Amino acid sequence: MEQSKNMVSRSCGRRRAGRRSVALAVGVGVLLAGCAKNAPQDTFQPEGKNARLIDGLQRELFYISGVVGLIVFAAVGYAVWKFKDRGQEIPEQTHGNPKLEILLTILPAVILAVVAVPSIAAVFELDKKDNDCVINVTGQQWWWEYDYVQGSTCGGVEITKSIVTSGELVIPADVDVLLRITSRDVIHSYWIPKLNGKRDAVPGRLHTLRMQADKPGLYTGQCTEFCGLSHARMRQAAVALDKADFQTWVTNQTADYVAPEADTLAAAGEGTFQAQCSKCHQINDLKNSAGAPVLAAPDLYVVSGAAPNLSHLMTRTAIAGWTFDLISAECRDRLWNAAPEDFGALYLKGVTPECFDEATLRTWLRNSPAMKPMYADPAKLAATGGKTRGMPNLNLTEDQIDELVAYLLERK
Amino acid sequence: MFTTGSKLFFGATGLSVAGAIVFAITTGGPTGLMGTIGLLSLACIFGFLGGINFFNSDGNVPAMQQGVQYTSSAAQRPVGSSMWPLIASVGFGGLVVGAVSKPVVFKVSVVVVIIATMEWMVQGWSERASADAGYNASVRKRVLHPLEFPILGALGLGLIVYSFSRIMLSVSKEATPWIFLAIGTIIAVGAFMFASKRRISRGTILGVCTIGAVALLGAGVASARQGQRTIEEHGTTAGSALCLEGGTEGEIDDHGSQDVSAKSNVIANIYLEANDDLNARIAGFTDPEDNFDTITVPRSTDVRIRFHNESNSPQRITARLGTFGEESEVVMCTTAINPGKEAFLSFKIPKTNAATSTPLELQVPGVEGKTIAIVVP
């Protein structure tokens, strides 16, 4: 009997020790995660004045609350150690101490008042609307669209013709940019951690967020409001370029459509695009064989009423809600880690044949829902009147995929 | 051995099973399936009852059984009087009435029957839990209070909120803030007085609270009977015939075209100046000199504009939202508003400029040659 008890006790002890080891390992892992160098979405490494303001505020508050926390823990620890049960008699029990209660009411109020000063100042500073560029940002399941206000200037660069792009928000560096954020379907949230805080994108509402990047570079982000099946694959990036490079980018985005050379694979791809993709995806100035403009009507096929404009697809480095790279891992690393002075030239090259990650685009065209979960199964669309959330499998043949890849590679 | 009662039920079980087999064989299809399921269910019930009777020896207590004078049902204290059977019977009556009149009566009756049955069962069980009445009462509280308190609390709170909302909806818009202020003050002062007088009796507090609750409920019922005040409705858009021709609808409603949601955020402010110039000031561009003759709006997205009539006559803003394919042109406009007033217009354009055969633009009917182009990338 005694032996059995000892065995049970040893077993319980081993289980407790095991649990402690797991908890310790998890704790250490979480702690060490804070030391990660390769953390592109680290909010503690601000690279714009708005993000720096938030970071500075949270540091100030952390120091104040840290001191308060230390005092509280020290007081609790002292009380626990000093008055622990050693078999002594229970001391006299008292109720109510007006002086202490007043002190304990006033002291936190004073601390909160002190904390409120930088907090409120930061809120007002972040809410300023003076800016040198305005860009519309529209969220939908599961990608972001950007369009630039025609007739305005952006960091001194004139936007003479409307520009619409997706995934990558291209902005001039060191310029205050005002984003006007909304949504076409459900609530999303736009966040580029290194440049500013997050802002919800709500259907029917227009929220503003000011963004500024100190220097040219690529700043990644993520939708931070759960928005459905592929929320985790709704990513985005802000690309900051110096003024000359931004001017080049704008000029390229407003350039006229260049048709592929006749009798090439790309020319065949143009026809395939018109037959298969143009129901939803627009390529500006594309005309059919009769010379009539080819116009997308995503409002008839997609719940959100929009699909990415592909006029300059190969100026972007990723597709499908900025989830899958259009460039190889090597080229991506080179771009992401480029020095600010080299970044613009590298980015403006777009997707070059040597960097092109053809396999990813092919896989996407072959069966997109298999890569990124979407509500696009034709058999399950009764609730939406046949409209999809995301891109359906178009059942393209390998020949059609060859043609489309060749055609899209020229969309720069 | 099998008792008389159990024999009866087991016999019925066998009969039901046999009936189910015969029914299943002779009647096919869904009817046969449903009938078979019904008969088999009956068999299960009879089997269960037969088992209970067998286990309890039909409720007969052998005279030789030890301790039977304490444990048999007949030896237990009879349960006390209870209001729950009465309430349950009212509930059953309500079920019948509700079945032929209003569904809400039926649903409420179902709830009443469930509550009465549960309370009755727990009361019956707890009163025989022991010989100690105090302990029995505590057992009942332990089981039912976690259910009763939240439900009654939510019900009470709901009644208070509902009564208060009926009162507020029935009195005039001007009076509501004052009533709110008065009730809040009375509650605050009353609470302060109770708090400051330590020796106030529980009965006094209960009495005051009861009077307050009854007064609130009474006023709520009276207000509900009176009905809510007339809430003025304002048109949000004008008839399309007026959008292009100009003119007014008759009496001008300066509060028209002003949805609450529309006021919250607009993509552009459109000004009709005193000299009949039409300018767009786009949200985000803060320089007052930033006047645009185009506004850029995302496609397939709900957007809204605010129209400011700075001219000298009543005017409206009209949005020509394109002609797509074979469909006719989409035209929307605000109601006419007086000089110095504002109106809002919400719209959504599903396709880009390239897809429409007529221009996308904002204009003021009667003001020629001045338009704001709408760009949809």
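Reading the values: the criteria
- Residues numbered from 1 in each chain as written.
- Chains lettered and ligands numbered in written order.
- Predicted model: local features only at pLDDT ≥ 70, side-chain atom pairs only at ≥ 80, totals over all residues.
- Helix = DSSP H or I, 4+ residues; strand = E, 2+ residues; numbered from the N terminus.
- Rg over C-alpha atoms; globule rule 2.2 N^0.38 Å.
- Buried ≥ 20, exposed ≤ 12 C-beta atoms within 10 Å, placed from the backbone.
- Contact = placed C-beta atoms within 7 Å.
- Core = buried A, V, L, I, M, F, W, Y, C linked by C-beta atoms within 7 Å.
- Pairing = 2+ DSSP bridges.
- Axes fitted to C-alpha atoms, helices over the stretch in contact; angles between N-to-C directions.
- Domains from an automatic or database assignment.
- Nonpolar A, V, L, I, M, F, W, Y, C, P; charged D, E, K, R; others polar.
- Left-handed = near helix turned anticlockwise from the far one by under 90°.
- pLDDT = per-residue confidence, 0-100.
- Parallel < 35°, antiparallel > 145°, perpendicular 65-115°, else oblique.

S.K.: I'd like to hear about the overall build of chain A, residue by residue, with values.
M.R.: Helix and strand counts for chain A come out as 10 helices and 14 strands. Expected size for 412 residues packed as a compact globule is a radius of gyration near 22 Å; at 28 Å, chain A overshoots this value by more than 25%. Counting only residues that meet the buried cut, chain A has 36% of its 412 residues in that class. If you take every contact in chain A between residues at least 6 apart in sequence, the share linking residues at least 24 apart comes to 68%.

S.K.: Before we move on, can you summarise the overall build of chain B with the specific residues and values?
M.R.: Along chain B, the regular secondary structure elements total 10 helices and 9 strands. Scaling as 2.2 N^0.38, a compact globule of 377 residues should have a C-alpha radius of gyration of about 21 Å, whereas chain B reaches 37 Å, well beyond that. Projected onto its principal axes, the C-alpha coordinates of chain B cover approximately 115 × 80 × 35 Å. For chain B, the proportion of its 377 residues judged to be buried stands at 21%. Of all intrachain contacts in chain B linking residues separated by at least 6 positions in sequence, the fraction that spans at least 24 positions is 64%.

S.K.: Describe the nonpolar core, listing the residues and the values that go with them.
M.R.: If you look at the biggest cluster of nonpolar residues, it comprises 107 residues, and the most contacted ones within it are I135, I171, L179, A238 and V239 of chain A together with I270 of chain B. Here the element with the most residues in this core is strand β12 (residues 235-241) of chain A; it accounts for 5 residues. What A238 of chain A contacts, discounting residues up to four positions off in sequence, is L169, I171, I192, L195, M211, A213, Y219 and G221 of chain A.

S.K.: I'd like a rundown of unusual backbone geometry, residues and numbers included.
M.R.: Residues and elements named next belong to chain A. Cis geometry is adopted by the peptide bond preceding W142, which originates at Q141 and carries an omega value of 0 degrees. Along the chain, W142 turns up in the loop between β1 (133-140) and β2 (143-148). One non-glycine residue, N395, lies in the positive phi region at around 50 degrees.

S.K.: Would you mind going over the sheet that holds strand β1 (residues 268-272) of chain B in detail, with residue names and values included?
M.R.: The strands making up a sheet associate through hydrogen bonds between their backbones, and the pairing can be parallel or antiparallel. Residues and elements named next belong to chain B. Taken in spatial order, the 4 strands of this open sheet run β2-β1-β4-β7, and their pairing is mixed. Only two strands of the sheet have a single partner each, and these edge strands are β2 (278-282) and β7 (342-347). Looking at each pair of strands side by side, their axes are set apart by 25 degrees on average, direction ignored. Note: β1 against β2, 5 bridges, orientation antiparallel. Opposite A268, over in β2, you have I282 as the bridge partner.

S.K.: Describe the domain arrangement of chain A, listing the residues and the values that go with them.
M.R.: Residues and elements named next belong to chain A. Domains assigned within chain A are domain 1 (42-64 + 96-127), domain 2 (133-253) and domain 3 (265-409). On a C-alpha basis, the centres of domain 1 and domain 2 stand 29 Å from each other. Contacts between domain 1 and domain 2 engage 10 residues on the former and 11 residues on the latter. For the side of domain 1 that touches domain 2, the class distribution of residues is 3 nonpolar, 4 polar and 3 charged.

S.K.: Report on the domain arrangement of chain B, specifying residues and quantitative values.
M.R.: Assigned domains of chain B: these are domain 1 (4-126), domain 2 (145-226) and domain 3 (240-375). A C-alpha centroid distance of 44 Å is found between domain 1 of chain B and domain 2 of chain B.

S.K.: Talk me through the interface of chain A and chain B; I want residue IDs and the actual numbers.
M.R.: At the interface, 32 residues of chain A touch 24 residues of chain B. Among the elements of the structure, β1, β2, β5 (163-166) and β7 (177-183) of chain A are those that each provide at least two residues to the side of chain A that touches chain B. Grouping the constituent residues of the side of chain A that touches chain B by class yields 11 nonpolar, 13 polar and 8 charged.

S.K.: How would you summarise the pairing of β2 of chain A if you had to cite specific residues and measurements?
M.R.: On a regular strand, each side chain points to the face opposite its neighbour's, so the side chains alternate between the two faces of the sheet. Residues and elements named next belong to chain A. For β2, the tally of buried residues reaches 6 of 6 residues, placing the bulk of the element in the interior. Neither face of β2 is open: one carries W143, E145 and D147, the other W144, Y146 and Y148, and all of them are buried. Note that β1 and β2 share 6 bridges and pair antiparallel. Each bridged residue has a counterpart across the sheet, and for V137 the counterpart in β2 is Y146. The loop that links β1 with its antiparallel partner β2 comprises 2 residues. One ladder, built from 4 bridges, connects β2 with β5; its direction is antiparallel. Bridge assignment links E145 to a residue of β5, and that residue is S166.

S.K.: Account for the sheet that holds strand β6 (residues 331-333) of chain B, naming residues and giving values.
M.R.: All names here are of chain B. On the basis of which strands lie adjacent, the open sheet formed by 5 strands has the order β3-β9-β8-β5-β6 and mixed pairing. With partners counted over all chains shown, the strands left at the sheet margins are β3 (294-296) and β6, one partner each. Neighbour-to-neighbour, the strand axes of the sheet open up by a mean angle of 20 degrees, direction not taken into account. In terms of strand pairing, strand β8 (residues 360-363) meets strand β9 (residues 371-375) through 3 bridges, oriented antiparallel. Note on β9: the bridge partner recorded for E361 is A373.

S.K.: Quick one: what's the story with the packing of helix α5 (residues 103-126) of chain B against helix α6 (residues 133-170) of chain B, residue by residue and with numbers?
M.R.: Residues and elements named next belong to chain B. Viewed as axis vectors pointing N to C, α5 and α6 meet at an angle of 150 degrees, and their least axial separation amounts to 9 Å. Remark: the crossing between α5 and α6 carries right-handed chirality. Across the interface between the two elements, V122, Q123 and S126 of α5 pack against N136, V139, R140, V143 and L144 of α6. Of the residues assigned to the contact of α5 with α6, the class counts are 4 nonpolar, 3 polar and 1 charged.

S.K.: Residue-level account of the confidence of the model for chain B, with values.
M.R.: Looking at chain B as a whole, the pLDDT averages 85, with 90% of positions reaching at least 70. Reported for the predicted complex are a pTM of 0.73 and an ipTM of 0.79.

S.K.: Mind laying out the packing of helix α4 (residues 84-100) of chain B against α5 of chain B, listing which residues take part and the relevant values?
M.R.: All names here are of chain B. It is at 8 Å that the axes of α4 and α5 come closest, and there the two elements cross at 160 degrees. Our classification of the angle between α4 and α5 gives roughly antiparallel. Helix-helix and strand crossings are classified by hand; for α4 and α5 the assignment is left-handed. When the residues that make up the contact of α4 with α5 are grouped by side-chain class, the tally is 18 nonpolar, 6 polar and 1 charged.

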